[in-house]
Amino acid sequence: MKGLVIWIKTEEGADESILDKLGREIEVRGGRVEVFHSEAIENLGMENNDRAKAVACAMLASHGVVVIASGPEHPSINPGEKLEVRIIEESDLHRTDTKDIFMRDLELAGLVPPPKYDVHPDEEKEILKKLQDLGYLEE
Amino acid sequence: MLVPPHGGRLIDRQYEGSEAEEIINQVRDGKLLTLNPREKNDLEMIGNGAMSPLEGFMSRADYEMVIDLMHLVAGPVWSLPVVFSQKDGDPDVSPGDHVGLKDIEGTIWGDMRIEDVFNADLMAEAEKTLGTIDDSHPGVMYLKLLSGKYIGGKIRSIRRREIESFQNYRLDPKETRVLFRARGWKTAVAFQTRNPIHRAHEYIQKCAMEIVDGLLLHPLIGETQQGDIPAEVRMRCYEEILKDYYPNTRVAMSVFPAAMRYAGPKEAIFHALLRKNYGCSHFIVGRDHAGVGNFYGTYDAQMIFDKFDPDELGIVPLKFEHAFFCSKCGGMATPKTCAHDSQHHVFLSGKKVRAMLKEGILPPPEFTRPEIAEILMEAARNGDN
Ligand SMILES: [Zn+2]
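Residues numbered from 1 in each chain as written. Chains lettered and ligands numbered in written order. Predicted model: local features only at pLDDT ≥ 70, side-chain atom pairs only at ≥ 80, totals over all residues. Heavy atoms only, no water.

Visitor: Any chance you could break down the coordination of the zinc ion for me, citing the residues and the numbers?
Guide: Four donors placed tetrahedrally about a metal ideally form angles of 109.5 degrees, and six donors placed octahedrally ideally form angles of 90 or 180 degrees. All names here are of chain B. With distances of 2.1 to 2.3 Å, the protein atoms coordinating the zinc ion are Cys-326 (SG), Cys-329 (SG), Cys-338 (SG) and His-340 (ND1). Here the zinc ion is ringed by 4 donor atoms whose angles at the metal span 103 to 116°, and the overall shape comes out tetrahedral. Donor residues for the zinc ion, ordered by position in the chain, follow C-x2-C-x8-C-x1-H. With a gap of 14 residues between them, Cys-326 in strand 12 (residues 324–326) and His-340 in the loop between strand 13 (331–333) and strand 14 (345–346) connect regions that are remote in the sequence. (Donors = N, O, S within 2.8 Å, 3.2 Å for Na, K, Ca; no water. Tetrahedral: all angles 85-135°; square planar, octahedral: opposite > 155°, others 65-115°. Helix = DSSP H or I, 4+ residues; strand = E, 2+ residues; numbered from the N terminus.)

Visitor: So what's going on with the interface of chain B and chain A? Residues and values would help.
Guide: Taken together, the 28 residues of chain B in the interface contact 19 residues of chain A. Between chain B and chain A, roughly 2000 Å² of surface is buried when both sides are summed, and carbon and sulfur atoms account for 49% of that area. Sorting the residues of chain B by area buried against chain A places B:Arg9, B:Lys174 and B:Val178 first, and these three jointly supply 27% of that buried surface. For the interface between chain B and chain A, the tally reads 9 salt bridges. Close ionic contact of B:Arg113 with A:Asp97 constitutes a salt bridge, the shortest N to O distance being 2.5 Å. Counting the contacts that link chain B with chain A gives 11 residue pairs in polar contact (both at pLDDT 80 or more). If you tally residues by element for the side of chain B that touches chain A, the top one is helix 6 (residues 173–182) of chain B, at 7 residues. (Contact = heavy atoms within 4.5 Å. Buried area = accessible area lost by both parts, 1.4 Å probe. Salt bridge = Lys/Arg side-chain N within 4 Å of Asp/Glu carboxyl O. Polar contact = N/O pair within 3.5 Å; in protein donor to acceptor, adjacent residues only side chain to side chain.)

Visitor: Account for the packing of aromatic side chains, naming residues and giving values.
Guide: Aromatic rings in a pair are described by how distant their centres are and how their planes are angled relative to each other. Residues and elements named next belong to chain B. The final tally for this structure, using the stated rule, is 7 aromatic pairs over all chains. Aromatic pair Phe-57 and Phe-84: ring centres 5.5 Å apart, planes at 55°, arrangement tilted. Of this pair, Phe-57 sits in strand 3 (residues 56–57) while Phe-84 sits in the loop between helix 3 (60–69) and strand 4 (98–102); the two residues are 27 residues apart in sequence, bridging distant segments of the chain. The exposure classification of Phe-57 matches that of Phe-84, with both residues buried. Both rings, one in Tyr-63 and one in Tyr-150, keep their centres 5.3 Å apart while their planes meet at 65°; by these two values the pair is edge-to-face. In this pair, Tyr-63 sits in helix 3 while Tyr-150 sits in strand 6 (residues 149–158), placing the two residues 87 residues apart along the sequence. The residues Tyr-63 and Tyr-150 share a single accessibility class, namely buried. (Phe/Tyr/Trp six-rings, centres within 6.5 Å; stacked < 30°, edge-to-face > 60°. Buried < 20%, exposed > 50% of the residue type's maximum accessible area, 1.4 Å probe, protein only.)

Visitor: Break down unusual backbone geometry for me, citing the residues and quoting the values.
Guide: Residues and elements named next belong to chain B. Going from Ser-52 to Pro-53, the amide bond is cis rather than trans, its omega being 10°. For Phe-166, which is not a glycine, the phi torsion comes out positive at approximately 50°. Here Phe-166 shows up in the loop between strand 6 and helix 6. In the Ramachandran plot, Ala-290 falls in the positive-phi region, its phi being about 55° despite a non-glycine side chain. Considering the arrangement of structural elements, one finds Ala-290 in the loop between strand 10 (282–285) and helix 10 (300–303).

Visitor: So what's going on with the environment of A:Ile88? Which residues, and what values?
Guide: Residue and element names in this part refer to chain A. Its place among the elements puts Ile-88 in strand 4 (residues 83–89). Here Ile-88 falls in the buried class, since its relative accessible area comes to 6%. Linking Ile-88 and Asp-122, residues 34 residues apart in sequence, is a C-alpha distance of 24 Å. Filtering out sequence-adjacent residues up to four positions away, Ile-88 remains in contact with Ile-6, Trp-7, Ile-8, Lys-9, Leu-93 and Phe-102.

Rendered as structure tokens:
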């Protein structure tokens, strides 16, 4: 699978939990994922800037991993042939319609695997609870 | 592993809570199109994945491919059109529009991003899908009331649990799939019904249960024609019989919110594919499945399955004959298993049973279990059937 950087456009210093959420979603499809938090840049001993982050993400992703990061702007770096960069507004990830379209695009481009499950593993747990409440399953 | 959904992925375009609010807010002040009862059923079943791989109402290319060749453009088998028709008084729309979908009372049930608006020859559709253009066919009558203009596009549907009928029995495909897995079922057989349960149905279900892990009782509760026994009565019959006559870990009952199309053989395929999405590996097809009047041959709905490669259907039809009690056999049987003359068979037509129940006469216990007959008789007294 070709490497992919998903860059989520957020305000400076925004909550990064959306990165983990998206990462989990790709992981349960069987994709190899690295969620690249801003903190990682500092832990690597670099100054937190979007350029450093983008370069680090590109290096990781060129090994066929989906890398998810966020920042105000994705600096233009040369991604090379082994890599794609897709940019999405954070607000679009919170809206079901625009998020679905984004994910489907990635799927059709062969950048993330299509879901292997019929029911999302996280949702499966909620459904089991509901089936117990309705009396279909013993607690 | 359960059977994979039709087309490979289980569609989930159903939203509730804050996500549903988001949809309503997006479309409320824009163009709203009106759903008729069948379209409302279809919207629900596209949204919850029962109609996977459909993601919306059909555009012209899929519509034509389906009525002519029983396949979707993308490849999978599909036997009946799932379309949305333009209504009198609704605003004009064109591709690219994002519209809300409301029922006749004005409640919003979803949205559609319009991809196609096209004219259809409805009588050609009737001929190809129903096999007739005769007015006495309810499916033809339905088509005659439509405008002839269809609107296609991807939908999202809204779940409003609080106002649904049969709340305790409404399982979506993803829910039946989780249920089957939790019970350890790898194979399951679906029984579609729009009738109350008589001994003949029980016998057929139990024959099927002998070869699979579980039974999904799936009574249809969408729109049916006048004269069919109301869904409430049918459900009461099933609740009663499940108490004493079925092992409860081997059976699941849930409602099937589809409208009847009375398309006979093509609807049998349609019903089977939808049950595959619910996780069923097998589907019971009786004589004259989804038929009406004398429009279809007795075995048409069974024979149509032979036109397809089993792999492209992905669900196995179990073809059954009418069953009856045979006094010589001393048990339930069918023409396939009983060697005796019909004078030994206890068999009553639906019409005959109805007349008996109206007059307060209990059908013989070999035909209907007394617990069920009581429920039907009470319903007949109250004018429910
Ligand atoms: Zn016999």
